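Analysis of the macromolecular model
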Amino acid sequence: MDSPDLWAGLPTLEDPPGDNAPDVWEAPIPLTGRRERPAFPALAFPAWLGEFVTAVAEETQTPVDLAGSVALAVLATAAGGRSVVHVRGNWREPTNLFTVVALPPANRKSAVFALLTNPLYEAEKQLKAAMKPVIVEAELTSRLAKEAADKAAARAASADGDKQDQMVATAVGLAQTADTLTVPAEPVLLADDSTPETVTSLMAEQGGRLSVMSAEGGIFDIIAGRYSGAPNMEVFLKGHAGDRQRVNRQTRSEYIDAPALTIGLAVQPDVLRDIGKVKGFEGRGLLARFLYSLPVSTVGDREIITDPVPEETAATYTARVIDLALSLADWTDPAVIQLTPEADTALISYQKRIEPQLKARGGKLGHISNWAGKLAGATARMAALLHLADHGGNGYAHSVTEATMRAAIELGEYYTAHALAVFDAMGADPVVGRARSVLEALRDNGWEDVSRRDVFTVLSRSEVPTVADLEPALALLEDHGYLRSYQPERTGKRGRPPAPRVQVHPDVRDVGR
């Protein structure tokens, strides 16, 4: 039995139930009803990009959130692996991003993806055309060098003793020269739902840069082990963070010094709920790396006849994206984007605002601290991408301004609001889950007035191990109007005071009958 001291100091009503107790209840607020999901701030983008995503949303009658989040992934595809942002001290962030938008079926996700990603495929085509003569020459040179080494080895094998040492040395030198010659890989910017092994190999071939863009959520199934039977997320974790990766295979070893993987997805909401249940996704930090968007579907409210994207707007978007991808393609050491002192000051203020919210107890972001702990870094990355969108490939010659950083912070606040809603759907907040269990217990028992101890007794110990774990759930239910706490009056002068009790909203009791 729990000590009565555990119930001391709990919030109570000033008046106990009776003649003076209020008997009018307002309708309770759904447990997730207070999660506000703002619309995507397209005005945070440079004008040419904001105009395009808004026009795409208008033509396709889709939330601007979809085009906006895909646009960020497009910028990250063009710049990721070829640029970094220097924040302060030794803190640098690569400019790749993981974004995911969740929308129900029939929201034209594929159409929006095509409009946003077409310039990347065109840039990839131009990169391949430019590299083709180089690849042909390298292949020929490599083949001739190997043939020369093989012939020298054959001559050395049949040479007389006096000449053999010299001919062996010549053959060894030719073989070493042939071994140093490499054939460049054909440029690839985009991959679809590839296996982790394929992603690793492609990133190694592409100097660390790769993007997985898809209007489906199959990549999550692949990471979860559709083919291997076990989650395989190492390349995705390191690919986001930019951590070195070495993979030893039977046939070859692959080494990626500075991986920069971008992921841009549009999935159904059920996919996000399902991945929240995959063992290892949250613990290893994969879910913490995505910027989530959960917009309101427009299906049922769409216009039939819409204005197409203006030709000039589309042409400007295409030219800008291609220019950014091509201008940075040849960089081996990444272009370094600097912040102005004013931009850094704005980011520091944002960090100071976020930090108290990460507290495990009482922090607004405490239950998603793994995600929110990466928010400042994600904001710096977005600031660099907005900067490059404004200045093109020579953005390294200019520093990120305060205005650009504040635009990135606005995007960060948008993604924070949506992340809270997404993690609610994943069941990341144990308080919400316990509150739902308490509601079920109140309905099942039809209680009108009950002690906290009785509520605690009927709950599962695996879900609510202690009284202390129950209290936040009761507080949340009271905050949402499902119940009222009060302290009963003493019935005698001696003895300990009665334990606090709760009154239950009539709607909850009626459902239970």
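Worth saying up front: this structure is predicted, and the values here are computed from it rather than measured.

**A look at the sheet that holds strand β2 (residues 91-94)**
With respect to topology, four strands assemble into an open sheet ordered β2-β1-β10-β11, the strand pairing being mixed. Edge positions in the sheet fall to β2 and β11 (399-400), since each has one partner strand and no second. Direction of pairing for strand β1 (residues 83-88) relative to strand β10 (residues 335-339): parallel, over a ladder of four bridges. Note that in β10 the partner of serine 83 across the bridge is alanine 335.

**Thoughts on the pattern of salt bridges**
With the rule as written, the count across this model stands at 13 salt bridges. Here glutamate 186 and lysine 128 are joined by a salt bridge, their closest N and O atoms 3.8 Å apart. A residue pair is termed long-range when its members are at least 10 positions apart, and glutamate 186 in the loop between α4 (161-180) and β4 (190-191) and lysine 128 in helix α3 (residues 109-158) qualify at 58 residues. Judged by relative accessible area, which is 45%, glutamate 186 ranks as partly exposed. Here arginine 406 ties to glutamate 402 by a salt bridge, and the two come within 3.1 Å at their closest N and O atoms. You can see arginine 406 and its partner glutamate 402 sitting in helix α13 (residues 402-426), four residues apart, about one turn around the helix. What makes glutamate 402 partly exposed here is its relative accessible area of 31%.

**Looking at the packing of helix α1 (residues 47-60) against helix α2 (residues 64-79)**
Between α1 and α2, the shortest axis-to-axis distance is 8 Å and the interhelical angle comes to 135°. Looking at the two axes, α1 sits oblique to α2. With respect to the hand of their crossing, α1 and α2 are arranged in right-handed fashion. Of α2, the residues touching α1 (which contributes Leu49, Val53, Thr54, Val56 and Ala57) are Val64, Ala67, Gly68, Ala71 and Leu75.

**Some words on the pairing of strand β8 (residues 260-267)**
The buried fraction of β8 is high, at eight of eight residues. Alternating positions in β8 separate into two faces, Ala260, Thr262, Gly264 and Ala266 on one and Leu261, Ile263, Leu265 and Val267 on the other, with burial throughout. Two elements, strand β3 (residues 98-102) and β8, share five bridges in a ladder whose sense is parallel. Counterpart to valine 101 in the pairing with β8 is alanine 266. With six bridges joining them, strand β5 (residues 209-214) and β8 adopt parallel strand pairing. Looking at the pairing, serine 211 lines up with threonine 262 of β8.

**Brief notes about the pairing of β10**
Across the two faces of β10 the burial differs, with Ala335, Ile337 and Leu339 buried and Val336 and Gln338 not buried at all. The pairing of β10 with β11 spans two bridges and is parallel. Note on β11: the bridge partner recorded for leucine 339 is valine 400.

**Description of the environment of arginine 108**
Within the secondary structure, arginine 108 is located in the loop between β3 and α3. Relative accessible area serves as the criterion here: at 38%, arginine 108 is assigned to the partly exposed category. When the C-alpha positions of arginine 108 and methionine 131 are compared, they lie 35 Å apart, and in sequence the two are 23 residues distant. Only 2.8 Å separates the side chain of arginine 108 from the backbone oxygen of threonine 60, close enough to count as a polar contact.

**Side note on the confidence of the model for the chain**
In low-pLDDT segments, the atomic positions of the prediction should not be examined closely. Looking at the chain, the pLDDT average stands at 88 and 90% of residues meet or exceed 70. Taken as a whole, residues 1-21 scores under 50 in pLDDT and shows 33 contacts with residues more than four places along the chain or in a different chain.

**Some thoughts on the packing of α3 against helix α9 (residues 311-329)**
Where α3 contacts α9, the axes come no closer than 9 Å and their chain directions differ by 40°. In terms of their interaxial angle, α3 and α9 are classed as oblique. Crossing angle aside, the handedness with which α3 passes α9 is right-handed. Contact with α3, carried on its side by Leu115, Leu116, Pro119, Leu120, Glu122, Ala123, Gln126 and Leu127, involves Tyr317, Thr318, Val321, Ile322, Ala325, Leu326 and Ala329 of α9 and no other residues of that element.

**Topic: the sheet that holds β5**
Either a parallel or an antiparallel arrangement is found when strands of a sheet pair, and the pairing is made through backbone hydrogen bonds. One open sheet holds the five strands; their spatial order is β4-β5-β8-β3-β9, and the pairing between them is parallel. Each having just a single partner strand, β4 and β9 (290-293) make up the two edges of the open sheet.

**Digging into the packing of aromatic side chains**
Scanning the model with the defined rule gives 11 aromatic pairs in all. For the pair tryptophan 48 and tyrosine 317, a centre-to-centre distance of 6.1 Å together with 40° between the ring planes defines the contact as tilted. With a gap of 269 residues between them, tryptophan 48 in helix α1 and tyrosine 317 in helix α9 connect regions that are remote in the sequence. Here tryptophan 48 and tyrosine 317 have matching classes, each one buried. Here the aromatic rings of phenylalanine 220 and phenylalanine 290 are separated by 5.4 Å at their centres, their planes lie at 55°, and the arrangement is tilted. Taken together, the residues phenylalanine 220 in helix α6 (residues 218-224) and phenylalanine 290 in strand β9 connect sequence positions 70 residues apart. Cluster of aromatic residues (ring-pair linked, three or more members): Phe98, Phe220, Phe290, Tyr292 and Phe423. Over the ring of phenylalanine 456 we find arginine 461, and its NZ or CZ is 3.9 Å from the ring centre.

Reading the values: rules and limits
- Residues numbered from 1 in each chain as written.
- Predicted model: local features only at pLDDT ≥ 70, side-chain atom pairs only at ≥ 80, totals over all residues.
- Heavy atoms only, no water.
- Pairing = 2+ DSSP bridges.
- Helix = DSSP H or I, 4+ residues; strand = E, 2+ residues; numbered from the N terminus.
- Salt bridge = Lys/Arg side-chain N within 4 Å of Asp/Glu carboxyl O.
- Buried < 20%, exposed > 50% of the residue type's maximum accessible area, 1.4 Å probe, protein only.
- Axes fitted to C-alpha atoms, helices over the stretch in contact; angles between N-to-C directions.
- Parallel < 35°, antiparallel > 145°, perpendicular 65-115°, else oblique.
- Left-handed = near helix turned anticlockwise from the far one by under 90°.
- Contact = heavy atoms within 4.5 Å.
- Polar contact = N/O pair within 3.5 Å; in protein donor to acceptor, adjacent residues only side chain to side chain.
- pLDDT = per-residue confidence, 0-100.
- Phe/Tyr/Trp six-rings, centres within 6.5 Å; stacked < 30°, edge-to-face > 60°.
- Lys NZ or Arg CZ within 6 Å of the ring centre and 35° of its normal.

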